[in-house]
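# Overview (structure and organization)
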Amino acid sequence: MSDLTTFEFAARAQNTQGATRRETPLHHVSHQNAEAAAVVFNEVPFCAQLTLRGSPENPDFLAGVEKVLGFALPVQPLTSHASDSYYVFWISPGEWLILAENIEPAVIEASLRAELTGHFAVVDVSAGQTLMTLSGEAVQQVLQKSCGYDVEASLPVGKVVTTTFAKATLVLHHQAEGKYFLIVRRSFADYVWRWLVDASAEYGLTVV
Amino acid sequence: MLHLFCPYCQELREENEFHYRGQAHIVRPKDPESLSDKEWGDYLFFRNNSKGIHHEMWYHVSGCRRFFNVTRNTVTYEIYETYKIGETPAVTDKEETE
Amino acid sequence: MSQQNRLAQGGRIDRNRVLNFSFAGQTYKGYEGDTLASALLANGVDVVGRSFKYSRARGITGHGSEEPNGVVQLGTGDSTVPNVRATQQELYSGLVSNPVAGWPSLQFDLMSYLGKAGAMMPPGFYYKTFMYPQKLWMTYEHFIRKAAGLGKAPTAPDPDTYDKFNQHCDVMVVGGGPAGLSAAYAAAKTGARVIIADEQSEMGGHLLTFEQTINGQSSSLWLAEMVAELNAMSNVKVLPKTTVMGYFDHNFLVAIERRTDHLGERAVSGTRQRSHRIRAKQVILAAGAQERPLVFANNDVPGVMLASSVTTYIKRYAVVPGHNLIVSTANDSGYLAAIEWSKAGRNVVGIADSRPHSDGALVAEAKALGIDVWFGHGVMEVKGGRRVYSASVAAISAEGDRIIGDVKTYDCDTVATSGGWSPVVHLSCHTGSRPVWRDDIIGFVPGKALQAQHCVGSIMGDHQLADCVHGGLETGSKAAAQAGFGDGELLMTKPDIERLAEGKAQALFLVPHKKNVSRAPKQFVDLQNDVTAAGIELATREGFESIEHVKRYTAMGFGTDQGKLGNVNGMAIAARSLGKSIEETGTTIFRPSYTPSTFGALAGRDADTLFDPERYTAIHQWHIDNGAVFEDVGQWKRPWYYPQPGESLSEALNRECLATRNSVGILDASTLGKIDIQGKDAREFLNRVYTNAWSKLAIGKCRYGLMLKEDGMIMDDGVTSCLADDHFIVTTTTGGAAAVLEWLELWHQTEWPELEVYMSSVTDHWSTMTISGPNARKVLAKVCHDIDLDKEAFKFMEWRNGSVAGVTARVFRISFTGELSYEINVSANDGLFVWEALIEAGKEFSITPYGTEAMHVLRAEKGFIIVGQDTDGSVTPYDMDMGWCVGKNKAFSFIGKRSFDRPDTQKADRKQFVGLKTKNSDEVLPEGAQAVWDPKQAIPMTMVGHVTSSYYSAVLGRSIALAVIKEGHKHKGETLYFPLADGRVIEAVICDYVFYDPEGERQNV
Ligand SMILES: [Zn+2]
């Protein structure tokens, strides 16, 4: 064994009390341009996000996942399901996005791997994308400026679509009346944010 | 801008969610080494240039990331059908010539 | 005198709101509600421009988008807009406008300029200029370029903002006249989502200038109620001031809404123009019809106007654009101008009606007002320069083809003409549908609908108000039903509307003259392009029989006018000249944009920093804070180099390279594409898509791989690591990441769905930082305690799980610099923290951040290729001397393999990858420079390859270059020459492409 491995790490103390520091893609964002802002923005930090792949025709797979999540996977296109612990979004036939606010991704991955056999995949993408919420009186107009998708008539509460947003791609989910989830790849988060600031300028935007 | 029905998402989407991927139903030869240069060249480089019915492949890149097929009229841009990979088209050139 | 042509009463203007404006440097007053054109006419401004070819004075002719002459340069400075129609521009206080015709002033005479080149530009000028010797083109180019644009573009960025709105509806109605309003109303009542757009500032169309009784009430009351009701419905969007400029595939329309153009030159706040991108289930075209002028001698002199425009100026703006009027018409509708003129208290000299007789209601009304009506007559010619002063009225044959009696000349200052109504078929043409000629209505109507499209009202030649309203209601409910709303039955009763008695119109286009067409004074068909009847006849005589060729020969319908006024007359004259019917001759097709659109409206917010997504890594802020200069790599912003104060690019570069070679450098490599592959067939899948063999790659090992296209050419490269027997992580080039994933999915989904693999992009999840250099291990050891970093325990081309700075990490010992290197991957949420910890740990070794430029130099010193720089889609692994990457004994014929045996890839003289050393070691070859063996040969020289990468290498103290050269591998040691554009010829010797540490010892320490 080389003496290099016994090298003491003196700089360790420079970590704030030995702790590490995490940052979301939009941790720097704060914005308030109107008293009564008609567009309300929020980045939900550090959600667990996992891509789950498996065959919806495989009953063992479906049962195994249901055991972990506590509910059946939404297998119809563009549907979602939410529980106290999880959101699950249909992304593609045989692909789902699992989102959780209070469970570590490694824990979810381990539970799934423990239950599942055969052909499946679980990929932790928690740091690769971020969850934004958008609401407010003018949310409809801002989405119309940004998305070619018919958000007004074709995206009822509960539905989820992957679609274009300006020149980015994101997962758009109508979470509750007038409130939308935007799940954006990390490297595009800043672009989407700056687009939102611009598109909201005439209505007023606030970050909560 | 075309409006394409994704057979996997099961709804119409704007063209800018898709990539065009060229002529459909081109099958990779099972044993490329057994092909003559001409046969391999045909597979590699030669494509139809149909005026009218054309079967073509599209990719739902800003969506479900699935490939699927489209039967489109290259003159009118009318889309007769979209169907999953592995399925056969319902509308073909023969029917169209009536 | 101010506003001498303004009536004391009437019009839809607010006389209490006086607006000052200027045109051509003169100031005038108008009222709110005016257009620039109505205000100019109110002030008696006759000349608004000069024609571009003959430089003749031109005045306002129309009142809407059909106006060919009153095209102005609006505003000043950065927000100036060329090609604005004075007839469509609402007046605002302080409006500044100038004529745009390409010539310097309204007084400028082109003839004197072109005098020595020829008496005039003949028809076919464009055609001949392009076809004949180039020197003629040089003579005219200056003038053509100036004239063709009709206006000047601003030179600075547009200070206004424009945006886009995506709209979806069940029924889209184009046109807010009686037909469109009725259609929108009927459709909306079913609950369908409806959008109705009209280019005018108010909805109403023809009803804004014409009154008739609807259900016993004035039509203006009906109009007001209809608009109010539509505005009140939540499922209806009413868009006035909105021009539908294009009708595209699958019922996609683009409509441009002018939101602040009526308020001032600059938008005070908000969006100046909004482009609505509308996807409609059903489209109703109710765009109406445009009046067609009669063609006669000198019909371009100011004072000659469309009859409907005269009516509009009087009724809508309370402006009578003259004192003594003669009307020349081939139908009843032209009479309205004389009736309103007379009611306004000014003199109507008479109405020349080409028809033998008419019993129409308007004819009777004119006669009742005491107006002289001359049946069987037409205005043959007018006289005047800057304004009409007389008109010659001749008796013409019933066929309308010759003069049959005396010609009388009357003093007058205004001639209003009506040759009939041309349906606005433009949008229907955009879909690819050819218009169809109908003799009964003397016009082209939209052809067979190619999309879910309906037409109603004047666009179908149905000009009676009853037909418009009733047809509109029926079409609206039918379209709604086809969109899934209602059963098509009307949900309201049709209002009572009396049909007006109407005399049959005559198909008259060109009023005959005593002289034949070629000798008569100019008879203008297309005023904007100065196309005359004689020009069209000349075109047909010269053998142009297709109407599309006649168009291009004469330039008829070119430019911003797009043939709105002139096309049908032109077709008719061409048809007659060819001895064919109009139906046989056909029409040219109209293309978007219907009227000129601003670039701003088309671009929307996709401009400046929002033009394209800028992708950032988690460490981006650190790069900014540490002075990085960024480079675009795809959409990514990557640090290019980190200049210290006062440092040039080459100084910074040399410092970064030497620091890495001599101690340790650090690179943010997070942008590299990363694809997670899971499944029991992952190895087999990799075997098929890579040239390399993967069956034996053990867990914990990494391997460099080449990906080819099926033609055998290199497509991408990267390192793939085995995480578990059924789990791999593939890296791709930064620019190729998305395309490679799509490529892998393509093969999996379409060819090998039976292979059990799943692929996911994890590019954004991982922050990747490379520490490279002889001290890399020492730096890593300070922050990593749970991985045995011993050179034997953790070998080159291996990876380990562990923690770095307390963060879970995956560490790869791979190298793109040839130095001892570790690529540290952590969750991107921790990326900046770990980067900062590495910088801190590296301080004692003067750890140096390096950018993409240093990375390029360091790898070039080692002869490592960059796909897309050293390769261009035309080189095989063998061309690049990378046969060592090709697994020759794999069972499956991997993608691209068969192509190694193609004659092209087998040919002897393929370009091959080599190194180059310039004779002068300080001289750096330009990338892309072409190589020749003999620089003294005659031009064009035989080129044998080109430089793909070229740098100054600080560690070697000389320049180095990589190149692809025909049969380069067997020409090592020989001298090549690179003749450059500036005359220099650089001499270089072919060498091995590995310049530094050829034994590869440094990465194995
Ligand atoms: Zn899809």
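The residue numbers shown here count from 1 along each chain, following its written sequence. Here every chain gets a letter starting at A, and every ligand a number starting at 1, in the order they are written. Since the coordinates come from a predicted model, pLDDT governs what is reported: local features require at least 70, and pairs of side-chain atoms require 80 or more to be given and counted, while whole-chain, interface and lining totals use all residues. For the side-chain quantities, the full set of heavy atoms in the structure was used; hydrogens and water were omitted.

### Some points on the overall build of chain A
- The helix and strand tally for chain A stands at five helices and eleven strands.
- Considered along the principal axes of its C-alpha atoms, chain A spans approximately 65 × 50 × 30 Å.
- The burial tally for chain A puts 58% of its 208 residues in the buried class.
- In short, Shrake-Rupley with a 1.4 Å probe defines the accessible areas, and a residue's cover is counted only from the protein chains shown. About 8,500 Å² of surface is accessible on chain A, with carbon and sulfur atoms providing 50% of the total. For helices the rule is a DSSP run of H or I covering at least 4 residues; for strands it is a run of E covering at least 2, with both sets numbered from the N terminus onward. Working definition: with a 1.4 Å probe on protein chains only, accessible area under 20% of the residue-type maximum means buried, over 50% means exposed, and in between means partly exposed.

### What about the coordination of the zinc ion?
All names here are of chain B.
- Looking at the zinc ion, the protein donor atoms are C6 (SG), C9 (SG), H60 (ND1) and C64 (SG), and they sit 2.0 to 2.4 Å from it.
- Between consecutive donor residues of the zinc ion, the sequence gaps follow C-x2-C-x50-H-x3-C. Within this pair, whereas C6 is found in strand β1 (residues 3-6), its partner H60 is found in the loop between β4 (53-59) and β5 (67-73), the two being separated by 54 residues in sequence. Residue C6 shares its accessibility class with H60, and that shared class is buried. Coordination partners: N, O, S within 2.8 Å of the metal, 3.2 Å for Na, K and Ca; water not considered, so apparent gaps in a site are possible.

### Quick look at unusual backbone geometry
Residue and element names in this part refer to chain C.
- Omega for the bond connecting P592 with S593 falls within 30 degrees of zero, at 5°, which places this linkage in the cis form.
- Its location among the elements puts S593 in the loop between α15 (582-585) and α16 (599-603).
- The phi torsion at K241 lies on the positive side, around 55°, for a residue other than glycine.
- Within the element layout of this structure, K241 appears in the loop between β12 (236-239) and β13 (242-248).
- Not every positive phi belongs to a glycine, and N298 is a case in point at roughly 60°.

### Description of the confidence of the model for chain B
- Summarising the model, chain B shows a mean pLDDT of 94, and 95% of its residues fall at 70 or more.
- Interface predicted TM-score (ipTM) for the complex: 0.97; the corresponding pTM is 0.93. For every residue, the predictor states its confidence as a pLDDT score lying anywhere from 0 to 100.

### Description of the interface of chain C and chain A
- Any two residues whose heavy atoms approach within 4.5 Å at even a single point are treated as in contact. Between chain C and chain A, the contact holds 59 residues from the first and 54 residues from the second.
- Two parts placed together each lose some accessible area under a 1.4 Å probe, and adding up what both lose gives the buried area. Between chain C and chain A, a total of about 4,900 Å² is buried, with carbon and sulfur atoms accounting for 52% of that surface.
- For chain C, the biggest contributors to the area lost against chain A are Y758, N829 and F833 of chain C; these three give 16% of the whole.
- Salt bridge, as used here: a side-chain nitrogen of Lys or Arg that lies within 4 Å of a carboxyl oxygen of Asp or Glu. At the boundary of chain C and chain A, one finds nine salt bridges.
- N or O atoms within 3.5 Å of each other form a polar contact, as long as, within protein, one can give a hydrogen and the other can take it, and as long as residues adjacent in sequence are counted only when both atoms are side-chain atoms. One can count 28 residue pairs in polar contact (both at pLDDT 80 or more) joining chain C with chain A.

### Description of the nonpolar core
- Core analysis: the biggest nonpolar cluster contains 67 residues, and L52, F165 and L172 of chain A have the highest contact counts within it.
- Top element by residues in this core is helix α5 (residues 186-200) of chain A. It accounts for eight residues.
- Both domains that furnish three or more residues to this core are identified here as domain 1 (29-45 + 128-207) and domain 2 (48-126) of chain A.
- Ignoring any residue separated from it by four or fewer positions in sequence, one finds F165 of chain A in contact with L143, S146, C147, L170, L182, Y191, V192, W195 and L196 of chain A.
- Grouping buried Ala, Val, Leu, Ile, Met, Phe, Trp, Tyr and Cys residues that are joined through side-chain atoms within 4.5 Å yields what is termed a nonpolar core. Among the nonpolar cores identified, the runner-up in size contains 50 residues, and L36, V84, Y335 and L362 of chain C belong to it. Marked domain ranges trace back to an automatic or database domain assignment.

### Describing the sheet that holds strand β18 (residues 324-329) of chain C
All names here are of chain C.
- A strand pair is defined by DSSP finding two or more bridges across the two strands. Pairing within the open sheet is parallel, and its five strands lie in the order β17-β24-β18-β19-β20. Looking at the sheet topology across the chains shown, the edges are occupied by β17 (304-306) and β20 (373-375). Strand-to-strand twist in this sheet, taken as the mean axis angle between neighbours without regard to direction, amounts to 20°. Angular values range over 0 to 180 degrees, each being the angle between N-to-C directions of two axes fitted as lines to C-alpha atoms, with helices fitted over their stretch in contact.

### What about the interface of chain B and chain A?
- At the junction of the two partners, chain B supplies 13 residues and chain A supplies 16 residues.
- When the two sides are added together, the surface that chain B and chain A hide from each other amounts to roughly 1,100 Å², 46% of it contributed by carbon and sulfur.
- For chain B, the biggest contributors to the area lost against chain A are E11, R13 and S62 of chain B; these three give 33% of the whole.
- Run the count over chain B and chain A and you get two salt bridges.
- There are eight residue pairs in polar contact (both at pLDDT 80 or more) connecting chain B and chain A.
- Each residue is assigned to one class: nonpolar for Ala, Val, Leu, Ile, Met, Phe, Trp, Tyr, Cys and Pro, charged for Asp, Glu, Lys and Arg, and polar for all the others, Gly among them. Taken together, the residues of the side of chain B that touches chain A break down into three nonpolar, four polar and six charged.

### As for helix α12 (residues 533-541) of chain C
Residue and element names in this part refer to chain C.
- For α12, a buried count of seven out of nine residues is recorded, marking the element as mostly surrounded by other parts of the structure.
- Among the residues of α12, A533, G535, I536, E537, L538, A539 and T540 are the ones counted as buried.
- Summarising the contacts, the buried residues of α12 are in contact with β29 (524-526), β30 (531-532), α13 (547-554) and α14 (567-578).
- Looking one or two residues past α12, G543 carries a phi angle of roughly 105°, positive in sign.

### Brief notes about the sheet that holds strand β6 (residues 81-85) of chain C
Residues and elements named next belong to chain C.
- Within the open sheet, the five strands sit side by side as β2-β1-β7-β5-β6. Their pairing is mixed. Each of the sheet's edge strands pairs with one partner strand only, and the pair in question is β2 (26-32) and β6. The sheet shows a mean angle of 40° between the axes of neighbouring strands, taken without regard to direction.
- Relative to β2, strand β1 (residues 14-23) runs antiparallel, the two sharing seven bridges. Counted as the bridge partner of V18 is Y31 from β2.

### Here we look at the packing of aromatic side chains
- A pair of Phe, Tyr and Trp rings is counted when the ring centres sit within 6.5 Å of each other, with Trp represented by its six-membered ring. The angle between the planes then sorts it: under 30 degrees is stacked, over 60 is edge-to-face, the rest tilted. Using the criterion set out here, one finds 32 aromatic pairs over all chains in the structure.
- Aromatic side chains Y87 of chain A and F181 of chain A sit 5.0 Å apart centroid to centroid with 70° between the ring planes, which places their arrangement in the edge-to-face category. Taken together, the positions of Y87 of chain A in strand β4 (residues 86-92) and F181 of chain A in strand β10 (residues 179-185) put the pair 94 residues apart, joining distant regions of the chain. Across the pair, F181 of chain A and Y87 of chain A agree in class, each one buried.
- Taking the centre distance of 5.6 Å and the plane angle of 80° together, the rings of W743 of chain C and W747 of chain C count as edge-to-face. Of this pair, W743 of chain C and W747 of chain C both sit in helix α20 (residues 737-750), four residues apart, which is roughly one turn of that helix. Pair check on accessibility: W743 of chain C and W747 of chain C agree, each one buried.
- Look at NZ for Lys and CZ for Arg. If either is within 6 Å of the ring centre and within 35 degrees of the ring normal, a charge sits over the ring. When the ring centre of Y77 of chain B is taken as origin, the NZ or CZ atom of R72 of chain B, which lies over that ring, is 5.0 Å away.
- Taking NZ or CZ as reference, K522 of chain C lies 4.7 Å from the ring centre of Y54 of chain C, over its face.

### Quick look at the domain arrangement of chain A
All names here are of chain A.
- Per the domain assignment, the segments making up chain A are domain 1 (29-45 + 128-207) and domain 2 (48-126).
- With 15 residues of domain 1 in contact, the opposing surface of domain 2 contributes 13 residues.
- Buried surface at the junction of domain 1 and domain 2, both sides included, amounts to about 1,100 Å², of which 61% is carbon and sulfur.
- Three residues stand out in domain 1 for area buried against domain 2, namely Q129, V160 and I183, and they jointly supply 40% of the buried area on that side.
- At the boundary of domain 1 with domain 2, the tally comes to zero salt bridges.
- Inspection of the domain 1/domain 2 interface yields six residue pairs in polar contact (both at pLDDT 80 or more).
- Partitioned by chemical class, the residues of the side of domain 1 that touches domain 2 number seven nonpolar, seven polar and one charged.

### Describing the packing of helix α5 (residues 178-189) of chain C against helix α11 (residues 465-482) of chain C
All names here are of chain C.
- Where α5 meets α11, the closest approach of the two axes is 7 Å, and the angle between their N-to-C directions is 35°. Crossing handedness for the pair α5 and α11: right-handed. From α5, P178, A179, S182, A183, Y185, A186 and A187 reach across to α11, where they touch L465, C468, V469, G472, L473, G476, S477 and A480.
- Grouping the amino acids of the contact of α5 with α11 by side-chain chemistry returns eleven nonpolar, four polar and no charged. Handedness of a crossing is defined here by the sense of rotation of the near helix relative to the far one, left-handed for an anticlockwise turn of less than a right angle and right-handed for a clockwise turn.

### A few points about the packing of helix α7 (residues 307-317) of chain C against helix α8 (residues 335-343) of chain C
All names here are of chain C.
- The contact between α7 and α8 brings their axes to 8 Å, and the two run at 30°. When the interaxial angle is binned, α7 and α8 end up roughly parallel. In this structure, α7 crosses over α8, and the sense of that crossing is left-handed. Contact with α7, carried on its side by A307, V310, T311, I314 and K315, involves L336, A337, E340 and W341 of α8 and no other residues of that element.
- For the contact of α7 with α8, the residue count by class is six nonpolar, one polar and two charged. Roughly parallel refers to an angle under 35 degrees, roughly antiparallel to one over 145, roughly perpendicular to one between 65 and 115, and oblique to any angle outside these ranges.

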